[in-house]
Amino acid sequence: MVSERHLRLLAARCIGRRNDYALQQENGLYLRVGAAVTLDALARHVAGVETMAAYVVDEADTCHFAAFDADSLDGLVQLLGVQRRLAADGIDSALEGSRRGGHLRVFFASAVAPALVRRWLLPYCPAGVEFYPKRDWATWEEPGSLMRVPFGVHRLTGRRYPFLVVAGSASGD
């Protein structure tokens, strides 16, 4: 059982839009729920009962995180390169495995406009890697891009994809 404190931390860091989310179906696709994210929904996600994805841009057209998404055989290697470049510029990031590669997340201390996030971090994004947020705005009708919420079970593989620490890195000492 995950504590309410940890669920609130997960929500604060990894959920953009709070009034809507999507659930992954058995075929791997996501279906929009059209309801608010609740602690119960997050608890079901972490327990592996269902798998959530969150919209990156929130209702106020701000972001609390950005992500680089590499879906290729060398995706983790690409993301490690991005992580090193970010670290060299004093930007912390968290590397997470995924079914086809990985996600590199950058968390913000406060909400940031997507346009500013894109101007700041998109230059770090190598060819073949997707960057989220993909655009500068979102509406209810067009909520933007989804990112799988960490710690859940991928419906296609039945696996969890944890955050990764590179041996010998400053954070892995």
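Thresholds, definitions, all that
- Residues numbered from 1 in each chain as written.
- Predicted model: local features only at pLDDT ≥ 70, side-chain atom pairs only at ≥ 80, totals over all residues.
- Heavy atoms only, no water.
- Helix = DSSP H or I, 4+ residues; strand = E, 2+ residues; numbered from the N terminus.
- Rg over C-alpha atoms; globule rule 2.2 N^0.38 Å.
- Contact = heavy atoms within 4.5 Å.
- Areas by Shrake-Rupley, 256 points an atom, 1.4 Å probe, with all protein chains shown as cover.
- Lys, Arg positive; Asp, Glu negative; His and termini not counted.
- Charge placed at Lys NZ, Arg CZ, Asp CG, Glu CD.
- Phe/Tyr/Trp six-rings, centres within 6.5 Å; stacked < 30°, edge-to-face > 60°.
- Lys NZ or Arg CZ within 6 Å of the ring centre and 35° of its normal.
- Core = buried A, V, L, I, M, F, W, Y, C linked by side-chain atoms within 4.5 Å.
- Buried < 20%, exposed > 50% of the residue type's maximum accessible area, 1.4 Å probe, protein only.
- Salt bridge = Lys/Arg side-chain N within 4 Å of Asp/Glu carboxyl O.
- Arc of directions from axis to C-beta.

## Considering the overall build of the chain
Helix and strand counts for the chain stand at 4 helices and 9 strands. In sequence order, the chain lays out its α and β elements as α-β-β-α-β-β-α-β-β-α-β-β-β. Scaling as 2.2 N^0.38, a compact globule of 173 residues should have a C-alpha radius of gyration of about 16 Å, and the chain matches this with 15 Å. Taking the contacts inside the chain whose residues are at least 6 apart along the sequence as the reference set, 64% of them involve residues at least 24 apart. Here the chain has roughly 8800 Å² of accessible surface; of this, 56% comes from carbon and sulfur atoms. With 20 positive and 19 negative side-chain charges, the chain shows a spacing of 3 Å between the two charge centroids.

## Quick look at the packing of aromatic side chains
Under the criterion given, the structure shown has 3 aromatic pairs. Over the ring of Trp137 we find Arg135, and its NZ or CZ is 3.9 Å from the ring centre.

## Regarding the nonpolar core
Within the largest apolar cluster, 27 residues are counted, with the highest numbers of intra-cluster contacts made by Phe68, Leu86, Phe108, Val117 and Leu121. Where this core is concerned, the elements lending two or more residues are strand E4 (63-70), helix H3 (75-88), strand E6 (101-112), helix H4 (114-121) and strand E7 (130-132). Broken down by element, the residue count for this core peaks at 6 residues, all from E4. The next biggest cluster of nonpolar side chains, apart from the first, holds 14 residues, and it includes Ala11, Val37, Ala41 and Met52.

## Brief notes about the pattern of salt bridges
One pass over the full model with this rule turns up 10 salt bridges. Residue Glu26 pairs with Arg155 through a salt bridge whose shortest N-O separation is 3.7 Å. Within this pair, whereas Glu26 is found in the loop between strand E1 (22-24) and strand E2 (30-32), its partner Arg155 is found in the loop between strand E8 (146-148) and strand E9 (163-164), the two being separated by 129 residues in sequence. Linking Arg100 and Asp71 is a salt bridge whose minimum nitrogen-to-oxygen distance equals 3.1 Å. Residue Arg100 is located in the loop between strand E5 (94-98) and E6, and its partner Asp71 is located in the loop between E4 and H3; the two are separated by 29 residues in the primary sequence. By relative accessible area, which is 46% here, Arg100 ends up partly exposed.

## Quick word on H4
Buried within H4 we find Pro114, Val117 and Leu121. Burial along H4 is one-sided: seen end-on, the buried residues are contained in an arc of 55°. Residues of H4 that are buried in the fold lie against E4, H3, E6 and E7.

## Side note on unusual backbone geometry
A negative phi angle is the norm for most residues apart from glycine, just as the trans form is the norm for most peptide bonds. Note the cis peptide between Tyr132 and Pro133, where omega equals 15°. Topologically, Pro133 is positioned in the loop between E7 and E8. One non-glycine residue, Asp61, lies in the positive phi region at around 60°. Here Asp61 shows up in the loop between strand E3 (52-55) and E4. With relative accessibility at 31%, the residue Asp61 sits in the partly exposed group.

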